[in-house]
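# Coordinates in review
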Amino acid sequence: MVDQTGGAPMISVDIRKALGTFELNVQFQAPAGVTAVFGRSGTGKTSVIRAIAGLDRPDMGRIEIAGRVLFDQDINLPPHRRGIGVVFQDARLFPHLSVARNLTYGGRHDHDRIVELLGLGPLLTRYPAHLSGGEAQRVALGRALMSNPRILLLDEPLAALDATRKADVLPYLERLRDTVDVPMIYVSHAVSEVARLATTLVVLDAGHVVQSGPLEDVLSDPKSMRIVGVRDAGAVINAKVERHDDGDGLSVLAFDGGMISMPKVDRPVGTRMRLRVPAQDVILARLRPQQISARNVVAVRVTELDHGRGTGVAVGLRAGKTPLLARITKASLREMDLAVGDEIFAILKATAAAPENIGQGRG
């Protein structure tokens with residue numbers, strides 16, 4: 001298990017609960033920021049959120065937020081005393097109230113700032129029936145924040161939206177992460193969402209925590225491929241816009257391990273970005289390739305080899321201080337004669353990066 005969250009824990013969860021034939025047994029700690037609880041359907045993600053919110057009582061354990069105990073053997077604060085804002089998959093707005101009145105139903109804390117951050121000004125006079133799914137979720141976020149919560153819980157808030165609406169809402173969530181001093185627990189089964197938003201990642205499988213720690217470390221851990229899946233496994237690179245090559249339609253990003261060219265981003269030079277690089281989009285070479293179409297060749301060191309159940313091998317890499325992840329066949333491993341500690345080259349297909357894999361970085 002990875003457990004390298006670092007810093008004083010803002011969130012501490014240690015709960016057990018029998019759910020029919022399913023047993024939830026979850027322990028994790030996380031600092032301030034966005035803690036993503038990730039896992040496939042049926043792994044217990046929503047049960048964790050409901051326990052933290054006070055909607056379900058664990059059989060035993062302890063829940064503590066910022067030093068305040070919400071639940072233990074002798075304490076079980078009711079939901080309205082926990083100081084928690086909750087946003088569900090469906091916005092749950094009051095249909096008979098305007099957006100303005102929905103927002104202020106639970107309070108008016110930081111009203112004007114929240115309206116501006118979430119772009120809600122043009123929506124204030126509308127009613128929920130006349131909102132898109134993405135607009136409704138932004139209103140639900142605003143309403144939760146105006147109650148002045150100690151922590152915000154988001155349970156699959158984008159799961160009901162199509163790709164276009166998700167793309168509309170994600171930048172607002174990134175903005176909240178970077179500008180609002182409210183810790184968040186974000187439940188999702190979508191790796192692309194988690195990679196763009198989270199600072200800490202908790203991975204559940206069959207009701208248990210199998211990995212937890214800083215997002216970059218967990219996603220790049222070769223063992224994560226067994227839970228995340230071959231198609232979704234990959235690493236996150238934190239980088240800064242170095243320059244734009246307008247003629248080629250590319251932006252060049254600088255990170256600890258070198259430079260990356262990618263489709264042009266509409267961001268000023270100096271902007272911090274996040275780029276998710278799927279493991280299947282990383283090719284390995286013993287020698288630096290010459291005269292190839294791929295623009296991103298990075299010197300890396302092999303840090304770990306994890307042999308999966310099938311024909312593949314997950315290869316942990318490090319470019320400078322940045323962890324990366326690749327997947328190759330066992331045949332390729334034999335032919336390349338790779339071992340931990342080897343200095344090799346990684347070819348990153350970042351110029352084909354999908355929009356959902358490109359996000360706003362922190363700082």
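Residues numbered from 1 in each chain as written. Predicted model: local features only at pLDDT ≥ 70, side-chain atom pairs only at ≥ 80, totals over all residues. Heavy atoms only, no water.

With that out of the way, let us pick up the environment of A239. Examined against the element boundaries, A239 turns out to sit in strand β11 (residues 234-245). Taking the C-alpha atoms as reference points, A239 and G257, separated by 18 residues in sequence, lie 9.6 Å from one another. Ignoring any residue separated from it by four or fewer positions in sequence, one finds A239 in contact with L253, A254, F255, T271, R272 and M273. (Helix = DSSP H or I, 4+ residues; strand = E, 2+ residues; numbered from the N terminus. Contact = heavy atoms within 4.5 Å.)

What follows is about unusual backbone geometry. The phi torsion of most residues other than glycine is negative, and most of the peptide bonds are trans. Unlike most non-glycine residues, A66 shows phi in positive territory, near 50 degrees. Secondary-structure assignment places A66 in the loop between β4 (60-65) and β5 (68-71). The residue A206 is not glycine, and still its phi comes out positive at about 55 degrees. Relative to the helices and strands, A206 is located in the loop between β9 (200-205) and β10 (208-214).

Running from amino to carboxyl end, helix α4 (residues 133-146) crosses helix α5 (residues 163-179) at an angle of 20 degrees, the nearest separation of the two axes being 9 Å. On the basis of their axis angle, the class for α4 and α5 is roughly parallel. Between α4 and α5 the crossing geometry is right-handed. Counted together, G134, R138, L141 and L145 of α4 and R165, V169, Y172, L173 and L176 of α5 form the full contact between these two elements. A per-class count over the contact of α4 with α5 returns six nonpolar, one polar and two charged. (Axes fitted to C-alpha atoms, helices over the stretch in contact; angles between N-to-C directions. Parallel < 35°, antiparallel > 145°, perpendicular 65-115°, else oblique. Left-handed = near helix turned anticlockwise from the far one by under 90°. Nonpolar A, V, L, I, M, F, W, Y, C, P; charged D, E, K, R; others polar.)

Pairing is antiparallel across the open sheet formed by five strands, whose spatial order is β13-β12-β11-β14-β20. Only two strands of the sheet have a single partner each, and these edge strands are β13 (258-263) and β20 (358-360). Within the sheet, the average angular offset between the axes of one strand and its neighbour, ignoring direction, is 40 degrees. One ladder, built from six bridges, connects strand β12 (residues 250-255) with β13; its direction is antiparallel. Among the inter-strand pairings, S251 is bridged to a residue of β13, identified as M262. (Pairing = 2+ DSSP bridges.)

Our next topic: α5. Spanning 17 residues, α5 covers 25 Å between terminal C-alpha atoms, matching the ideal 24 Å at 1.5 Å per step. Along α5, the residues classified as buried are V169, L170, Y172, L173, E174, L176 and R177. Measuring from the backbone nitrogen of T164 back to the side-chain oxygen at the start of α5 gives 3.2 Å, which picks out D162 as the cap. (Expected span 1.5 Å × (residues − 1). Buried < 20%, exposed > 50% of the residue type's maximum accessible area, 1.4 Å probe, protein only. Polar contact = N/O pair within 3.5 Å; in protein donor to acceptor, adjacent residues only side chain to side chain.)

Attention now goes to the confidence of the model for the protein chain. Predicted confidence across the protein chain gives a mean pLDDT of 90, with 97% of residues reaching 70 or more. Contacts of residues 1-6 to residues separated by more than four positions or lying in other chains number 21 contacts, the stretch itself having pLDDT below 50. (pLDDT = per-residue confidence, 0-100.)

For α4, spanning 14 residues, the distance from its first C-alpha to its last is 20 Å, which sits close to the expected 20 Å at 1.5 Å a residue. With 13 of 14 residues buried, α4 is to be regarded as a mostly interior element. After α4 finishes, the residue N148 shows a positive phi value of roughly 55 degrees.

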